Structure formats: structure tokens, C-alpha cells
Amino acid sequence: RPIRLTDYRAPDFVIPETRLAFDLHPTQTQVKATYRIERRGAADAPLVLLGERLILKTLRLDGVEVAPEAYALTPECLTLSGVPDRFTLEIDVEINPQDNKMLEGLYMSSGRYCTQCEAEGFRKIVYFPDRPDVLSKYTVRLRAPKAGFPRLLSNGNLIDSGEEGTFHYAVWEDPFPKPAYLFALVAGELDVLEDRFVTMSGRTVDLKIFVDPGMSARAAYAMDALKRSMRWDEETYGREYDLHLFMIVAVRDFNFGAMENKGLNIFNASLLLADAQTATDLDYERIESVVAHEYFHNWSGNRVTCRDWFQLCLKEGLTVFRDQSFSGDQRGHAVQRIKDVKMLRARQFPEDAGPLAHPVRPAAYLKIDNFYTATIYEKGAEIVGMLKTVVGAETYRRALDHYFETHDGTAATLEDFLSSFEAVTGQDFSPWLKWYVQAGTPVLSLSATYDGDTQRLTLTVSQMTPPTPAQAHKAPVPIPVRLGLLSGAGAPLSFRFAGETVPEALFVLTEARAQWVLEDVTEAPVISALRGFSAPVKLTLTEPEAHRFARFRGDPDPFNRWEAAQSLAKALILDPHGAAADYAEALRATLTDPTLDAAFKALMTGLPTEMDLAQSLTPVDPAFIHTRRKAFKAELAAALKTDAEALYAALPAETTFSPDAASAGRRALRNALLDLIVAAPDSDADRSEATSDQAGAQAVRRPEGEAPLERDAAKPLSAKQKIAKAHYHDARNMTDMMAGLSALSQIHGAAYQDALEDFYARFKSEPLVLDKWFAVQAACPHPETLSRVRRLITHPDFDRKVPNRWRAVAQAFAANNPAIFHDASGEGYAFIAEEILSVDRFNPMTAARLIEAFGGFKRYAEPHRGLMQAVLERILGTEGLSKNVAELAGKALAG
Ligand code: ZN
């Protein structure tokens with residue numbers, strides 16, 4: 001049943017030309033397809049077209065209607081035998097966009113028609129060889145009533161339009177042959193924000209961003225990001241845009257972030273619309289990166305596409321690497337790298353360590369939609385980054401030029417990508433293929449011996465990748481290690497390597513183990529390895545705690561400085577006796593260092609998340625992690641109270657909003673300080689006021705060892721509640737407002753409840769903001785959240801059919817609230833299981849993504865392990881389960 005990479009066969013037929021005509025109707029859209037078809041395979045090969053949920057009306061071959069006995073029709077394909085070598089096929093089908101709640105193929109969102117075809121949605125529009133290696137030149141005619149559907153959009157250039165009574169039509173032609181997954185159409189009432197871009201060769205491109213009526217001002221930032229992306233791709237990769245028109249449309253109902261359809265990107269509105277009042281700095285940051293990502297796909301994905309879906313990371317890994325580089329150039333590389341690694345570790349490392357582990361190029365799948373994963377995207381990007389590190393920036397650029405030029409207009413493979421590196425260097429890059437075909441995160445072990453007499457440092461390094469499901473044995477992979485040294489006092493220490501005195505060197509470990517010898521090392525050093533996180537591995541290095549503190553205080557590599565702090569915090573939190581005093585001293589030095597920028601300080605202030613900590617503890621005890629983290633944070637906050645309050649006071653809220661990186665960094669620091677301030681234990685005065693509440697507080701179940709909870713009754717606000725409340729009410733932008741609200745949610749109590757009500761009243765008619773209101777409640781780490789999420793799903797504004805809204809509750813709870821999701825009662829698990837099953841009935845792709853929350857169950861302590869296993873078994877035993885959920889739940893259980 002699964003589809004395997006080894007089964008790949010080139011298509012028997014190609015379709016150089018495709019004409020589509022849509023007569024748009026909410027429940028009975030008529031689609032007429034006309035294909036020019038040519039045989040490429042065996043003379044007796046039948047023509048197999050894929051199609052699902054289609055009503056076939058007529059079928060004509062070279063103008064002659066095909067009799068029903070001359071073709072075979074199943075729910076998934078249409079097969080014609082004995083067809084000629086060259087012919088024209090006309091197919092009429094009917095589809096129902098209104099009823100399409102899978103949000104794949106042609107569907108309706110807020111009364112508009114839109115499409116999503118990647119990966120296999122085109123077959124829900126019309127019969128076609130829906131595979132990425134069949135490239136065709138499309139001409140598309142759209143027809144709809146003028147009233148309600150003034151805009152008719154598709155890929156390419158508008159070549160004709162006109163009226164037919166109360167109807168109108170538009171004809172679009174895309175001159176670039178493309179696979180069906182890049183097809184798109186949009187029809188409806190939309191406002192537009194327009195601009196222009198002059199390319200490096202002097203061509204003018206019209207830029208149009210279409211949004212809900214009245215919202216065009218909120219597309220200004222996306223437009224700005226688009227123009228910067230277009231310029232950047234010219235300057236950094238020499239890639240120029242190729243049509244005279246580039247359009248983006250924002251829709252509310254969308255299964256994921258955005259889609260790179262040729263010349264007509266379609267975006268989840270949450271990744272496009274922004275202004276100070278409704279979007280946070282994180283939203284701005286993501287908009288900038290996703291606009292860039294989808295634009296960059298025009299070359300890495302569209303001009304050069306994928307031969308088959310196993311090569312998905314050919315376009316996704318490369319494009320993520322490109323968008324990360326862009327964001328780094330726009331916002332600062334140190335901070336960008338830390339954020340990218342946080343994300344990799346939060347999402348990809350657990351995937352690689354659990355039953356859903358799969359290679360960046362998987363070998364088999366049931367549903368390709370299940371493989372739009374952190375592994376394919378983020379680990380895929382890391383591999384491209386490592387290649388760039390080992391060959392250097394200039395050679396990398398030449399390799400990429402070679403790749404784009406050689407494969408332009410074709411569907412390529414990962415081997416093609418690597419062979420461009422071979423072509424420009426003359427070296428063998430086949431060892432790099434192992435990174436693509438082998439799952440699991442390699443463990444890199446490093447030990448050092450220093451000989452003071454010879455001033456020689458010998459590093460012994462080895463690598464080992466633990467087994468993953470269906471892959472017991474692992475071969476070594478090439479691991480680039482950027483490495484520098486510090487003196488015991490924390491100053492940079494240069495050394496001699498390969499005949500040169502250097503402040504840092506790049507080593508590449510290609511075998512299972514190796515020794516590297518560094519000369520002229522004047523004292524026993526502190527080792528700073530894997531700078532910039534030069535490879536996506538887990539580093540183990542046995543060293544005194546003092547060495548980590550030395551890097552925390554002054555590693556010239558900002559990534560390793562942050563890394564040292566994180567690894568110290570992790571060790572101290574997971575040690576039941578870990579104390580925060582020394583850590584607080586080092587953090588104080590960081591926070592008061594005038595040479596460091598605010599965004600970096602904000603990152604340094606953040607402690608590892610409970611999810612991060614769970615990866616370093618076996619078996620995982622979520623309540624222990626929650627309690628210990630909270631206690632450590634409280635101790636840290638108490639030690640830094642005076643400093644944090646002073647620094648906070650010295651950073652007043654800004655009255656005018658600018659989304660630029662420096663301003664966002666200042667807000668991030670101020671909000672990180674707020675988070676620390678509210679983590680401090682209440683003063684003695686606060687505590688005595690709270691004692692009368694203890695009886696009430698005990699009634700609420702809570703993790704062992706936590707301080708009593710404030711009851712929601714009216715009582716004087718503590719000092720920190722006052723600060724958080726003022727932060728919320730004085731906020732002039734959504735970033736500060738959400739920071740205030742989330743600080744209040746940490747403290748809980750009446751001020752939190754009041755703020756929630758205030759927030760709802762202000763934003764009840766702003767869907768994207770209301771999503772935040774739902775999410776903050778679902779992520780609140782208070783035991784009361786277990787009953788609150790049950791109430792939230794009965795709220796009149798809750799709607800499972802809108803993925804953004806559903807994820808705001810279900811995903812925020814399952815992924816961002818580990819203490820409560822993993823409540824020992826199992827109620828959190830039961831809630832998420834019910835949600836997955838409800839959504840699976842109409843939107844399998846989105847439902848399946850949440851299975852991941854149960855993926856690591858075998859690593860958990862009882863009762864969690866048994867409870868999660870039972871939930872997975874219950875899901876898997878449900879009748880009518882989708883392939884999507886069945887594949888992931890099955891793997892999660894089996895792994
Ligand atoms: Zn992408």
C-alpha cells in the first residue's frame with residue numbers, strides 16, 4: 001500500500017498543453033479540461049489520470065465521445081487503454097466547492113473561491129496525471145457572476161476578459177510550464193494593495209496583494225517585505241522575477257502557512273495582514289519570512305521543481321535556508337540563528353528521536369501531506385547550510401548558479417542538487433546524501449587532552465546516530481565543526497592549525513571518529529565547539545561547569561554564548577538541588593552589558609522551555625519539569641528583582657510603533673523582563689494577604705510542590721499583578737498587549753479574567769486577534785485550563801472548520817501547555833483525542849498534524865505513557881479514520 005521512492009517510473013504520457021475552463025458555482029462548478037497529450041512510454045501503456053470526488057460528465061478523445069466501456073473509473077482514477085501516441089482529450093467534471101471542508105482542491109473561504117493544490121489537491125479539481133514531473137503550459141478561463149465575484153485571478157498573465165450578461169470572464173495564460181500542484185485560482189470580492197518593482201534587468205513588475213475588503217492598509221508590511229525579497233534574491237542569488245505580474249491573496253481558511261502557486265501566491269491571512277494594533281512583532285517577523293519564502297520558491301520550487309514528492313526537501317529545505325539567510329540579513333544573523341535553532345530543537349529533534357522519525361528524503365509514505373514536517377523543512381535547511389559552510393560562500397553561489405541553470409524548467413532530484421556542488425568543486429559529495437536518507441540526530445562526542453609542555457591540545461571526536469524506526473544501522477555523516485578556544489579567564493585564545501595561527505577553525509568529521517591536534521595553545525583552554533550551531537547534532541562534551549560559565553560570560557560567538565546559558569539552565573533545572581545564584585550573576589552581567597543588543601539580551605533572558613527540558617530527561621516527568629522550572633525561574637527572578645525592575649523601568653513603552661528589528665528587539669527585552677518580574681515570588685506582604693485564600697486554592701488540583709494558587713475572588717493585587725496589569729492596559733501595540741495578557745495568565749487570578757474580558761470586547765470582530773485570545777487561554781499553565789478548554793470549544797466564536805481558530809485552542813493546548821496537557825488525570829489527552837477525531841471527519845490533513853503531540857509517549861513516565869498509548873489505540877480503532885491520521889497514529893504506536 002505505501003508509495004515507495006524505489007517504485008519511481010517516468011510518466012508514460014506528457015501533457016505539453018492544458019486548457020481549463022471554470023464555470024464557478026458554489027455547489028456545482030463545471031470544469032472543462034482540454035489536454036494535448038503525447039506518449040513517452042511503452043506503446044501499450046494505458047493513460048492513467050488521477051481524480052477524487054469528481055463527477056465525470058463527458059470524455060472526448062480527438063473530438064469523439066469516449067464510450068463508458070472504453071474507460072475504467074474508480075474513486076481514485078480514470079484509466080483509458082489503447083489510446084493513440086498523440087491526441088487531444090477533453091474532460092468535463094462537476095465539483096462542489098462549498099462542501100469542501102478539507103480545504104484542498106477548489107473550496108470557498110469567506111464567500112470566495114480559492115484553491116490549494118500542493119501536494120495532491122489538483123486531482124480534486126479535475127482528472128490529471130497529478131504528479132510533479134508532469135509539467136504543462138496552462139491557459140485558464142474563469143467565469144462567474146459579476147455580482148459578488150468582481151475579481152477573477154489565476155496564474156500568469158491576463159490575456160482576455162469580457163462580459164456575458166450578468167456574468168463575466170477572464171482568461172489567464174502562464175507561459176512557464178508547471179506541475180499541477182502550482183495551479184491556482186481565486187474569485188471573489190477583494191481589495192488590492194498595488195505597487196511596482198523594477199527588476200535588475202529593468203523590467204517592471206506589477207505587485208498586487210489582495211485582501212478582505214477594508215484591509216488593504218494591513219498588507220503594507222507584506223508588500224514591503226515582498227520588494228525586499230525580490231531585491232535580495234537578485235543580489236544574493238542572481239535570481240530575477242520572470243512575469244510582469246506578481247500577486248498574493250490572503251484567505252482566512254487555510255490548512256497551513258502559505259503556498260507558492262506560480263505568480264499567484266495564496267496565504268493564510270495570519271501570515272500576511274499586520275498593523276500595530278492587531279499584530280505582534282512575532283507576526284511581523286513571520287510575515288517577512290513567509291513572504292520571502294514563497295517568493296523565493298519562484299526559483300527554488302517553480303522554475304526548478306521536484307521529480308517526485310520524496311524530493312520535497314529539494315525545494316523546501318533549500319527555500320527555508322534561503323528565507324533564513326534573508327531574515328538574518330534583514331534582522332541580524334546572531335539572533336536569527338538562535339531563533340532558527342530553537343525552532344529546530346523544539347520541533348525537529350523530538351521528531352527525529354521518536355516513532356515518527358523519518359529521513360529528510362523519506363523512503364515511503366501513505367499520505368505525502370504527513371511529510372510536510374520539521375524534518376523536511378528545517379533539517380533540510382540545515383543540510384544546505386552545512387554545504388555552504390564547507391564550500392564557502394563563493395563556491396556555494398557558483399554551485400547554486402549551476403543548479404538553477406542546469407535544471408531550469410525541469411523536475412529535479414537531490415542527486416541533481418549535490419551534483420552541482422561536484423561540478424563546481426570537482427569533489428565527491430556523495431557522502432552528503434547520507435544526511436538525506438538517514439533519520440535521527442547524530443550525537444557528536446568531544447573530549448580534549450591538553451599537554452602544557454608541548455602546548456598541544458588533542459581533540460578526540462566521534463559520532464553516533466541512534467537507531468530510528470526501520471533504520472537500525474547508521475553510517476557516519478559529514479559533520480562540520482566550527483571551533484574556537486577561550487582562556488580560563490574567558491578571553492579568546494588563538495591557536496595554530498594546518499600551519500596557520502587562527503582564532504577559530506573549521507573541521508569536518510567524516511568518519512566515525514577522528515583526532516584533531518591544535519598547536520601553540522598557551523594554556524588549558526575552554527572549548528567553544530560547534531559555533532553558530534555548524535551542524536544539526538547533539539554535542540556532548542564533558543567539562544567543568546566553570547567552562548560553561550566562561551562561555552556564557554564572553555564567548556565571542558553569540559550562538560555559543562546563548563547555548564552555554566541554555567545548557568547551564570537545563571542542568572540546573574533538572575537537578576533537584578540546582579541553585580540559581582551563579583546563573584543570576586552571569587545573566588546580570590549580560591543584561592547590563594552596553595555592547596549587546598536588546599534582541600540578544602531578550603533571548604538570553606529566556607529559560608529553556610518545558611519541551612526543551614523534556615528532551616533531556618528520561619523518563620519524562622512533566623510535573624517535575626514544570627515545578628522545577630518554575631522554582632528555578634522564581635529563584636532567578638528573586639535574585640535579579642532589583643535589576644530587572646530597574647531595567648524594565650528604563651525601557652518605557654514606545655508611543656509610536658515601528659516594526660523594524662531594533663524596535664522589536666527593545667520590545668522583546670522589555671517583555672522578557674516583565675516575564676521575569678512576574679516570576680518572582682510574592683513579597684511577604686503579598687503572601688499574608690493570600691493565606692486566607694488557601695482553602696479555596698487547595699481544591700484545585702495542581703502539580704506537587706507548587707505555591708498555593710490565588711483564587712479568582714477579589715483581593716488586593718500584588719505588586720507584580722499591578723505591573724502586569726499596567727503593562728496590559730498601557731500597551732499601545734499588540735506585542736505589548738499580548739505580553740501583558742500572557743504575564744497575567746502566568747499569575748492567574750482576577751486581573752487576568754478582567755483583561756480577558758476587556759480583550760474580547762475590543763477585538764471580537766477581528767478574527768486574527770481573537771485567535772490570540774483563544775490561544776493564550778489554552779496555553780495558560782493553570783490546572784483550571786483543563787475545564788477552560790472545554791468551555792472554549794462551546795464558545796460562539798469557536799469554529800473547528802477554520803484551521804486557525806481550531807489550532808488556537810487545540811494546538812496551543814497540546815503543544816504549548818505541557819504541564820496541563822500532560823495532566824496525570826489523562827483529561828488533557830482525552831480532550832485532544834476527541835478534537836483530532838472531530839476534525840478528521842472533514843479535514844484530515846489538519847487533524848493529523850496533532851498526532852505529533854502523542855509521538856514521544858514511550859519516553860514518558862507512568863501514568864502518562866500508558867494513558868497516551870491508550871489514546872492512540874482508541875484513535876487508531878476509530879471507524880472511518882482518514883489515511884492521514886491512520887498513518888501517523890499507526891507509526892506513533894508501532895515505533
Ligand atoms: Zn515552502
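Here the structure is a predicted model, which means the values were calculated and not measured.

Asker: Can you explain the overall build of the protein chain? Please cite residues and give values.
Answerer: Regarding its fold elements, the protein chain presents 29 helices and 34 strands. Against the 2.2 N^0.38 benchmark of 29 Å for 895 residues, the protein chain shows a C-alpha radius of gyration of 28 Å, consistent with a compact globule. Buried positions account for 50% of the 895 residues belonging to the protein chain. Long-range contacts, defined here as pairs at least 24 residues apart, represent 70% of the contacts in the protein chain between residues at least 6 apart.

Asker: How would you summarise the UniProt feature "domain: Peptidase M1 alanyl aminopeptidase Ig-like fold" (unreviewed entry) in the protein chain if you had to cite specific residues and measurements?
Answerer: The feature "domain: Peptidase M1 alanyl aminopeptidase Ig-like fold" (unreviewed entry), as given by UniProt, occupies residues 440-540 in the numbering adopted here. Structurally, residues 440-540 is divided into 0% helix and 52% strand, and its ends, taken at the C-alpha atoms, are 16 Å apart.

Asker: Explain the UniProt feature "domain: Aminopeptidase N-like N-terminal" (unreviewed entry) in the protein chain to me, using residue names and the numbers behind them.
Answerer: When the UniProt feature table is mapped to this numbering, "domain: Aminopeptidase N-like N-terminal" (unreviewed entry) covers residues 89-182. Helix makes up 0% of residues 89-182 and strand 54%, whereas the separation of the span's terminal C-alpha atoms amounts to 21 Å.

Asker: Please give an account of the sheet that holds strand β14 (residues 157-164) that cites residues and values.
Answerer: Pairing in this open sheet of 8 strands is mixed, and the strands run β6-β5-β9-β3-β2-β12-β15-β14 from one edge to the other. Lying at the two open borders of the sheet, with one neighbouring strand each, are β6 (64-65) and β14.

Asker: How would you sum up helix α22 (residues 767-778)? Please name residues and give values.
Answerer: Taking 1.5 Å of rise per residue, the 12 residues of α22 would be expected to cover 16 Å, and the 17 Å separating its terminal C-alpha atoms lies within 8% of that figure. Burial runs high along α22: 11 of the 12 residues are buried. Taken as a whole, α22 has its buried residues at L768, V769, L770, D771, K772, W773, F774, A775, V776, Q777 and A778. Those residues of α22 hidden inside the fold are in contact with α20 (734-747), α21 (750-763), α23 (785-792) and α24 (803-816).

Asker: So, the packing of helix α15 (residues 641-650) against helix α16 (residues 661-679): which residues are in play, and what are the values?
Answerer: Their axes nearest at 9 Å, the elements α15 and α16 cross at an angle of 145°. In this structure, the crossing between α15 and α16 has a hand that is left-handed. Within the contact between the two elements, α15 uses A644, E645, L647 and Y648 and α16 uses R670, L673, L674, L676 and I677. Each residue belonging to the contact of α15 with α16 can be placed in one class, and the counts come to 7 nonpolar, no polar and 2 charged.

Asker: How would you summarise the sheet that holds strand β13 (residues 151-154) if you had to cite specific residues and measurements?
Answerer: Here we have 4 strands laid out as an open sheet, ordered β10-β11-β16-β13, and antiparallel in their pairing. Looking at strand neighbours, the two that pair on one side only are β10 (105-109) and β13, the edges of this open sheet. Taking each pair of neighbouring strands and ignoring which way they run, the sheet shows an average axis angle of 20°. Sheet topology note: the β10/strand β11 (residues 112-116) ladder contains 5 bridges and is antiparallel. Bridge pairing in β11 links L106 to T115.

Asker: Got a sec to walk through the packing of helix α28 (residues 864-876) against helix α29 (residues 883-894)? Specific residues and values, please.
Answerer: Close contact between α28 and α29 brings their axes to 9 Å; oriented N to C, the two are set at 145°. α28 and α29 meet at a crossing whose hand is left-handed. For the pair α28 and α29, the contacting residues are L872, E873, I875 and L876 in the first and V885, A886, A889, G890, A892 and L893 in the second. Considered class by class, the residues forming the contact of α28 with α29 number 8 nonpolar, 1 polar and 1 charged.

Asker: Would you mind going over the nonpolar core in detail, with residue names and values included?
Answerer: If you look at soluble globular proteins, the nonpolar side chains tend to sit buried side by side. Counting 263 residues, the largest nonpolar core has A222 and V249 as its most contacted members. Per-element tally for this core: the top contributor is α16, with 11 residues. In this view, A222 contacts I209, I248, L272, I287 and V291; residues no more than four positions away in its chain are not counted.

Asker: Account for the confidence of the model for the protein chain, naming residues and giving values.
Answerer: Keep in mind that low pLDDT regions are not for reading the predicted coordinates in detail. On average, the protein chain scores 96 in pLDDT, and the residues at 70 or more come to 97%. Confidence drops under a pLDDT of 50 for residues 690-713, and excluding neighbours within four residues, the segment shows 33 contacts in the predicted structure. For this predicted complex, the interface score ipTM comes out at 0.99, while the overall pTM is 0.97.

Asker: Pulling in residues and values, what's your account of the environment of V481?
Answerer: If you trace the backbone, V481 turns up in strand β27 (residues 479-486). Under the C-beta neighbour-count criterion, V481 is labelled buried, with 22 such atoms within 10 Å. In sequence terms V481 and A180 are 301 residues apart; their C-alpha atoms lie 41 Å from each other. The residues contacting V481, other than those within four sequence positions of it, are F507, L509, A529, L530, S534 and A535.

Asker: Tell me about unusual backbone geometry, residues and numbers included.
Answerer: Backbone torsion omega between E118 and A119 reads 0°, so that peptide bond is classified as cis. Its location among the elements puts A119 in the loop between β11 and β12 (136-145). Cis geometry is adopted by the peptide bond preceding P619, which originates at T618 and carries an omega value of -10°. Along the chain, P619 falls in the loop between α13 (610-614) and α14 (622-639). Located in the positive-phi region is D62, a residue other than glycine, with phi close to 45°. One can find D62 in the loop between β5 (55-61) and β6. For D62, a count of 12 C-beta atoms within 10 Å puts it in the exposed group. Although it is not a glycine, L530 sits at a positive phi angle of roughly 60°. Along the chain, the position of L530 falls in the loop between β33 (526-529) and β34 (538-541). Residue classification places L530 among the buried positions, given that 24 C-beta atoms sit within 10 Å.

Asker: Describe in detail the environment of Y113, supporting the description with residues and values.
Answerer: Relative to the assigned elements, Y113 resides in strand β11. Each C-alpha atom, one on Y113 and one on V481, is 50 Å from the other, the two residues being 368 residues apart in sequence. Leave out the neighbours within four places in its chain, and Y113 touches L24, P97, L106, M108, L185, V186, A187 and G188.

Asker: Explain α14 to me, using residue names and the numbers behind them.
Answerer: Every α-helix carries 3.6 residues per turn, so stepping three or four residues along brings you back to the same face. With 18 residues, α14 should reach 26 Å at 1.5 Å per residue; the first-to-last C-alpha distance of 26 Å fits that figure. Burial analysis of α14 places 13 of its 18 residues in the buried class, which makes it a mostly covered element.

The rules we used
- Residues numbered from 1 in each chain as written.
- Predicted model: local features only at pLDDT ≥ 70, side-chain atom pairs only at ≥ 80, totals over all residues.
- Helix = DSSP H or I, 4+ residues; strand = E, 2+ residues; numbered from the N terminus.
- Rg over C-alpha atoms; globule rule 2.2 N^0.38 Å.
- Buried ≥ 20, exposed ≤ 12 C-beta atoms within 10 Å, placed from the backbone.
- Contact = placed C-beta atoms within 7 Å.
- UniProt positions renumbered as here; feature names shortened; annotations may be inferred.
- Pairing = 2+ DSSP bridges.
- Expected span 1.5 Å × (residues − 1).
- Axes fitted to C-alpha atoms, helices over the stretch in contact; angles between N-to-C directions.
- Left-handed = near helix turned anticlockwise from the far one by under 90°.
- Nonpolar A, V, L, I, M, F, W, Y, C, P; charged D, E, K, R; others polar.
- Core = buried A, V, L, I, M, F, W, Y, C linked by C-beta atoms within 7 Å.
- pLDDT = per-residue confidence, 0-100.

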